[in-house]
Amino acid sequence: MKKLLAILTATMLATSLVPTLVACGNSHSDIIDGKKNVSTEFTLTNSVYVSSETKDINADILAAAKKEGRIEQGLDLHMGDITDKENNTLPPNNGDQEAGYIVFTLKDRPEISYTGSITIYFTLINSSPVDISQDVDLSVTLKDVTKYDDLTTLQNEIWDEAKTQFTANTPDDISGYDLSGLALPTKFNQPLSEQLIAKYNGKFDSGNKKYKGTITIKLNIISYYINLPLELKNDVGDNDTLYQFIWQNVKNSPEFSTDPRVAASYKDYDIDFSSVVEPGRGQSTNFKFLATPKDESVNHYLRVEGSLTKDPYTMPKDISLAVPIIVYEKDRYQVDKAKVWSDAMAIAGLPLTPEMKDFDLSGWDAVIRNNWPNIGTKHAITLVAKNNNTNPVFKGDTTIHAIIMNDGVVKTINTGPILLSTASNPTVDSIFVSTWHNAVGQFGGEISTKSTDYVDSKGNSTIDKSGLEAAYKQALATKGWTDYAIKARGDARTTGKDADLTITGKLRIIDSPLTKNVPIDYTTRDYKFNQDPTTVDRQIKTLTTRIWNDIIGYSSFNNELYTLYGVSKKISAWDSDYEQKVADAIKNFTPGGSPNIPLELKFRLKDQTIYQGEMTVQIVLKYDSNRIPMNPSGDPIDATANGPLVFYLDNLNIQNPEQYIKNLMITIWHNAITYNYELQKKYPNLLLPTSNYNYWDQEVVSRVVLPTVNNPVSDITLDNIIPKYNGLYEGTVIIKIKIIYDINHRP
């Protein structure tokens, strides 16, 4: 039938072409009515692969013919009709082959430049891809994906688990699929239902073996993770403690406190702690690590991130300086702020010392200026240091409470009356020398006793003698008593401390000596002794000192209406053998008879131009085997009841500490006892020479401890001083001392 149809078609076309060819006069069998005759019949060399996805099998057959060059490339299926066919449909099964043909007859339309009929014999092969779509359920087991930090590794591991469940003939190489649907978790510590979708990408198609479809892998996954912002209150120091601190916070967190598969110790895991670094004060560091359990059957993986922030040191709200800020007139309004800061920070006791530059001290100048002390005065001040927050190691402001003090000496020293004779040719300068000499005993050992040290910065004397000069002139003119005053201003650079001294007294200059004898009856005074052989010499010294002190306390010396007013009270100015008389009387006394030894003691002034009379003193020495209390009440005598004696050290590098302490103790005794006339007046029986006491014994000396850098203030109480080497007196003397190490203190 198909051959007959082809013959008939060809005959009809030939018959109709003859007149035309003749008419044209140009005979060519391939051109019919101006159109190219493409009629042909052939069998395709290659099979035509078709599938269920093929849209038009006829078009694929035509395309195959073009590919083999059997027909014109410009031919298209829409130019003609399939006028005959056999088996031009999809073979029933994948891989089936069927032979057939189609007759493609071109349409007779003006726009189509071809004519004729084409018979194509072919073999169709069903190449429809195998649908491998399937679901693989791995969700029965909760999969811990904590350890994965890249998706590819996780996908590969899931694929390896899933492919064991693929249906037969499913390609199982992961590279043949485009993966989607699964990402690393962003929700943690809870099961997540996820899917890994694998869409076949045709990589393993070949010939008539093709695949299509999508594999869906169902998953139930979990990732364990925690982010911990941690604060360190103090320095940790060792890594083990720091690591356990972090892990303990992991274990105690709400996420994992009840999780039995999180161990209490980090040592149950393999952990790279290289990112864990202890921060400095006021600073932060970040860390992250994966905790890999040493036994996965007991513990699960855990990913930890976080930060460590160490608290800055908190500045003390208030700091009270133990040592006053000592200032001098020469430095008016200028204070060593660095020294104040250093002292304050030493008291603060912080592990690190804040730098002054990190604090605003701008308010200090006004406080210091408004509270600047005059010589010998002090003021309480408050210095606020505001944190500039330029150093994260320290936080908070601090307020320094201090005493600003000029520890200089302000004194009015009364030297008493001075009786002079014109016969000795006194001058203002000679009187000043004598007056100054009498006054220095009351300087207190804190300031220089040299008048030449009392100068200004240019070396000019700061001693004002104008008051003495006026008194001198008046004394010469009136021959009576005249008050005088000497002013002295001391600069700490030369006198040890700032000083504002006023030396007062009375002056009288006579033309002829006084001659009236002065009798003194002290027979009722209590001059006791005993004959303890170990202390008798000291008893004698004590008695003679006391007798002389009683004599110069007599009214004749102390009332300008009486004879001896203004005469020297120094025993060295008098001729007398009274000390020998007292010594002989005591040593030659024989107990058993009367305990009383009456004595008459005579004194004549060596300077006969002033006094030519005689002073006669009647006394009675009394033998008594009992001891005499220095304080009648029996209580200790506190020589520093008004405050401790204060001494400064500006250098701890003392070459001979023992000698230094010895010299210091001499100064302490003079200030507390020898020159403490008010104390002597209050306690007449107080022994003065240190030789009577245990003052130099180790039991006392050992208590004098010098300050150190770490302990710059040494508070000392000597409350065990007793008249150990005087067999007559008893009692205890107390002396309190404060020794301050101050590197900036300059005497």
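Cut-offs applied
- Residues numbered from 1 in each chain as written.
- Predicted model: local features only at pLDDT ≥ 70, side-chain atom pairs only at ≥ 80, totals over all residues.
- Heavy atoms only, no water.
- Helix = DSSP H or I, 4+ residues; strand = E, 2+ residues; numbered from the N terminus.
- Contact = heavy atoms within 4.5 Å.
- Buried < 20%, exposed > 50% of the residue type's maximum accessible area, 1.4 Å probe, protein only.
- Pairing = 2+ DSSP bridges.
- Axes fitted to C-alpha atoms, helices over the stretch in contact; angles between N-to-C directions.
- Left-handed = near helix turned anticlockwise from the far one by under 90°.
- pLDDT = per-residue confidence, 0-100.
- Core = buried A, V, L, I, M, F, W, Y, C linked by side-chain atoms within 4.5 Å.
- Expected span 1.5 Å × (residues − 1).
- Arc of directions from axis to C-beta.
- Parallel < 35°, antiparallel > 145°, perpendicular 65-115°, else oblique.
- Phe/Tyr/Trp six-rings, centres within 6.5 Å; stacked < 30°, edge-to-face > 60°.
- Lys NZ or Arg CZ within 6 Å of the ring centre and 35° of its normal.
- Salt bridge = Lys/Arg side-chain N within 4 Å of Asp/Glu carboxyl O.

### Here's the deal with the environment of Phe589
Argument step 1. Of note, Phe589 is situated in the loop between helix H12 (578-587) and strand S33 (596-605).
Argument step 2. Spatially, the C-alpha atoms of Phe589 and Thr167 are 140 Å apart, while their sequence positions differ by 422 residues.
Argument step 3. Once you skip the residues sitting within four places of it in the chain, Phe589 turns out to touch Phe529, Gln531, Ser594, Pro595, Ile597 and Tyr623.

### Re the pairing of strand S15 (residues 214-222)
Argument step 1. For S15, the buried fraction is high: seven of the nine residues fall into the buried class.
Argument step 2. Sheet topology note: the strand S11 (residues 143-144)/S15 ladder contains two bridges and is parallel. Within S15, the residue paired with Lys143 across the bridge is Ile221.
Argument step 3. Examined bridge by bridge, strand S13 (residues 192-200) and S15 share eight bridges and lie antiparallel to one another. Its bridge partner lying in S15, Gln195 is registered against Lys218.

### Considering the packing of helix H7 (residues 428-439) against helix H8 (residues 466-478)
Argument step 1. Running from N to C, H7 and H8 cross one another at 115°; their axes reach a closest spacing of 10 Å. In the crossing of H7 with H8, the sense of the turn from one axis to the other is right-handed. Seen from H7, the contacting residues are Val428, Ile431 and Phe432; seen from H8, they are Leu468, Glu469 and Tyr472.

### Quick word on the sheet that holds strand S7 (residues 114-115)
Argument step 1. Spatial ordering of the open sheet is given by S1-S2-S7, a layout of three strands whose pairing is mixed. Two strands in the sheet have a free side with no partner beyond their single neighbour: strand S1 (31-32) and S7.
Argument step 2. Bridge analysis of strand S2 (residues 35-37) against S7 gives two bridges, and the strand direction is parallel. Bridge pairing links Asn37 to Thr115 in S7.

### Comments concerning the confidence of the model for the protein chain
Argument step 1. Scored by pLDDT, the protein chain has a mean of 90; 95% of the residues are at 70 or more.
Argument step 2. Scored below 50 in pLDDT, residues 1-28 makes 12 contacts in the model with residues more than four places away or belonging to other chains.

### A look at the nonpolar core
Argument step 1. By size, the foremost hydrophobic cluster in this structure holds 39 residues, and its most contacted members are Ile551, Trp574, Phe603, Met615, Val617, Ile619 and Leu621.
Argument step 2. Elements with a minimum of two residues in this core: strand S31 (518-529), helix H10 (536-552), H12, S33 and strand S34 (615-623).
Argument step 3. Among the elements that line this core, the one with the most residues is H10, at seven residues.
Argument step 4. In this structure, Trp574 is in contact with Trp548, Phe557, Leu564, Val567, Ser568, Phe603, Arg604, Leu605, Lys606, Tyr611 and Met615, ignoring residues within four places of it in sequence.
Argument step 5. Membership of the second largest hydrophobic core comes to 35 residues, among which are Ile654, Val701, Ile716 and Ile737.

### Some details on H7
Argument step 1. Here H7 spans 16 Å end to end across 12 residues, near enough to the 16 Å set by a 1.5 Å rise per residue.
Argument step 2. Taken together, the buried positions of H7 are occupied by Val428, Ile431, Phe432, Thr435, Trp436 and Ala439. Taken around the axis of H7, the buried residues stretch over an arc of 135°, which confines them to a single face. The exposed set on the far side of H7, more than 90 degrees from its buried face, consists of Val433 and His437.

### Some details on the environment of Thr640
Argument step 1. By secondary structure assignment, the location of Thr640 is in the loop between strand S36 (637-638) and strand S37 (645-649).
Argument step 2. Sequence separation between Thr640 and Glu98 is 542 residues; the distance between their C-alpha atoms is 133 Å.
Argument step 3. Filtering out sequence-adjacent residues up to four positions away, Thr640 remains in contact with Leu645, Ile734, Ile735 and Lys736.

### Some details on the packing of H10 against H12
In a pair of packed helices, the angle between the axes and the distance between the axes together describe the arrangement.
Argument step 1. Where H10 meets H12, the axes come as close as 10 Å, and the angle between the chain directions of the two elements is 135°. By the angle between their axes, H10 is oblique relative to H12. For the crossing formed where H10 meets H12, the hand is right-handed. On the side of H10, the interface is formed by Val536, Asp537, Ile540, Leu543, Thr544, Ile547 and Trp548, while H12 contributes Tyr578, Glu579, Val582, Ala583, Ile586 and Lys587.

### Notes on the sheet that holds S33
Argument step 1. Overall, mixed pairing links the four strands, which are arranged S31-S34-S33-S32 in an open sheet. On the outer flanks of this sheet lie S31 and strand S32 (574-575), each paired with one strand and no other.
Argument step 2. As paired strands, S31 and S34 are joined by eight bridges and run parallel to one another. Residue pairing for S34: Lys528 is matched across the bridge by Lys622.
Argument step 3. This element, H10, spans S31, S32, S33 and S34 of the sheet and lies at about 145° to S31.

### Considerations on helix H13 (residues 657-674)
Argument step 1. Here H13 spans 24 Å end to end across 18 residues, near enough to the 26 Å set by a 1.5 Å rise per residue.
Argument step 2. Among the residues of H13, those classed as buried are Ile661, Leu664, Met665, Ile668, Trp669, Asn671, Ala672 and Ile673.
Argument step 3. Packed against the buried residues of H13 are S37, helix H14 (677-682), helix H15 (698-701), strand S38 (713-721) and strand S40 (733-741).

### A few points about the packing of aromatic side chains
Argument step 1. Overall, the coordinates contain 30 aromatic pairs when judged by the stated rule.
Argument step 2. Measuring from centroid to centroid gives 4.6 Å for Phe188 and Tyr225, while their planes differ by 35°, and the two rings are tilted. Of this pair, Phe188 sits in the loop between strand S12 (177-180) and S13 while Tyr225 sits in strand S16 (residues 225-232), placing them 37 residues apart in sequence.
Argument step 3. Judged by its relative accessible area of 17%, Tyr225 falls in the buried class.
Argument step 4. Ring centres of Tyr243 and Tyr266 lie 5.9 Å apart, and the angle between their planes is 85°; this geometry places the pair in the edge-to-face category. Of the two residues, Tyr243 is situated in helix H4 (residues 239-252) and Tyr266 in the loop between H4 and strand S17 (269-270); the sequence distance between them amounts to 23 residues. Summarising the burial analysis for this pair, Tyr243 and Tyr266 share the class buried.
Argument step 5. Sitting over the face of the ring of Phe432, Lys465 holds its NZ or CZ atom 4.4 Å from the ring centroid.
Argument step 6. Over the face of the ring belonging to Tyr522 we find Arg525, whose NZ or CZ atom lies 4.2 Å from the ring centre.

### Re the pattern of salt bridges
Argument step 1. Under the definition given, this model contains 38 salt bridges.
Argument step 2. Of the charged contacts, one joins Lys267 and Asp240 as a salt bridge, the two residues approaching to 3.5 Å between their closest N and O atoms. Taken together, the residues span a long stretch of sequence, with Lys267 in the loop between H4 and S17 and Asp240 in helix H4 at a distance of 27 residues.
Argument step 3. You can call Lys267 partly exposed: its relative accessible area is 48%.
Argument step 4. With a shortest N-O distance of 3.5 Å, Lys465 and Asp429 are connected by a salt bridge. In this pair, Lys465 sits in the loop between strand S28 (463-464) and H8 while Asp429 sits in helix H7, placing the two residues 36 residues apart along the sequence.
Argument step 5. Through salt bridges that share partners, Asp235, Glu278, Arg281 and Lys310 make up one connected network.

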